[in-house]
Amino acid sequence: MEDNRLSVLITTYNRAVALEYLLDLLVGYHDRGLDFDVVVSDDCSTDNTEGLLREKYSDVGFIKYVRLPRNSGMDPNFMSAYGACQTEYCWLLGDARYVEYEGLKAIIDNITSRKYTALILKCFSAQSVESKTYTDINELMSEQGWHITNNASCVIPRRFFNRCFYKRYIGTTFLHMDIFVENICNEESFKVRYLSEVEVKDIVTEGFKKTGWLKHPFLNFGKLWYEHVMSLPNNIDIEVKQKVLLDHNRYTKLFSILRIMSGRSYFGRTYYESYKENRRYMQYVSDTPVWVYDIEIVVLPPFYKPLHALCKFVASR
């Protein structure tokens, strides 16, 4: 195993069904000739995650299982996974996403070539950039800044895991992205390869449903997103940072009219309070005027449920 150059880092919490699906895939890839390690870092799950790893995968030599002594949250679990990595490169895949065999082979081939400092993988279908090599941080962030918010998007050298950088960004929600960007900015020169042909996909399997953070989008991609982007190194031009702030919503449509209506209807008062607390950041993260959101979230909600009922009635006719 000492010849392997890549560790797939799987941080998990109470997702045994998805984890088993993912590990079975990776075992199959390994059996077909791909050489890599796997680190499973378990944030003290209360489901059968530990039993699954002990009973089904304890004899699989390339899978390492570590378990936090208590439930500690995302950041300590990331630190646990990074700290357990012993290969030259690591990929923070998580427990709900995967790539096809050819995708993982492409990752391994590219890091084995030693041509690139790091890799970026396609994590959103909206990313339309073709495969290319970046040597300038402003060009990279202008085209990829919104995209590398996904933790599975970056394959990085293990040396990027610096505890000083790590502690600086704890609690930002985008810690994996911060580690990547900060280290790239500190390189004298770099080559980062974007592999558009390697698409990271969501796991879809019986008994598992991926949950997100849609209850608090105004916190995560309002306040925290703004603070995170603006705190990135000064190597990145302010105009590029402003573009990155707006690009996330431009591509993901997180604050589109339909998603706002759906979120306000489903999460009710919690959604409204989140908007009220983080409203002042909306001007930086969306091209839509704030007064439009005021109408959508404050004025119109009493009409949303009747409107949904009407739409269902019309669809059933």
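Quantities reported herein were computed from a predicted structural model and do not represent experimental measurements. (Residues numbered from 1 in each chain as written. Predicted model: local features only at pLDDT ≥ 70, side-chain atom pairs only at ≥ 80, totals over all residues. Heavy atoms only, no water.)

Participant: Help me understand the packing of aromatic side chains in this model?
Facilitator: Between two aromatic rings, the relevant description is the distance of the centres plus the angle of the planes. In total, this model carries 17 aromatic pairs according to the counting rule given. Seen from their ring centres, Phe 174 and Phe 221 are 5.3 Å apart, and the 65° between their planes marks the pair as edge-to-face. Within this pair, whereas Phe 174 is found in the loop between helix H6 (163-169) and helix H7 (175-186), its partner Phe 221 is found in helix H8 (residues 217-230), the two being separated by 47 residues in sequence. Residue Phe 174 shares its accessibility class with Phe 221, and that shared class is buried. A centroid spacing of 5.0 Å and a plane angle of 70° characterise the contact between Phe 218 and Tyr 271, whose relative ring orientation is edge-to-face. A residue pair is termed long-range when its members are at least 10 positions apart, and Phe 218 in helix H8 and Tyr 271 in helix H11 (residues 269-278) qualify at 53 residues. We classify Phe 218 as buried; its relative accessible area is 0%. For Tyr 271, a relative accessible area of 2% corresponds to the buried category. Three or more aromatic residues joined by ring pairs make a cluster, and in this case those are Phe 218, Phe 255, Tyr 266, Phe 267, Tyr 271, Tyr 275 and Tyr 293. Over the aromatic face of Tyr 101 sits the side chain of Arg 32, whose NZ or CZ is 3.7 Å from the ring centroid. (Phe/Tyr/Trp six-rings, centres within 6.5 Å; stacked < 30°, edge-to-face > 60°. Helix = DSSP H or I, 4+ residues; strand = E, 2+ residues; numbered from the N terminus. Buried < 20%, exposed > 50% of the residue type's maximum accessible area, 1.4 Å probe, protein only. Lys NZ or Arg CZ within 6 Å of the ring centre and 35° of its normal.)

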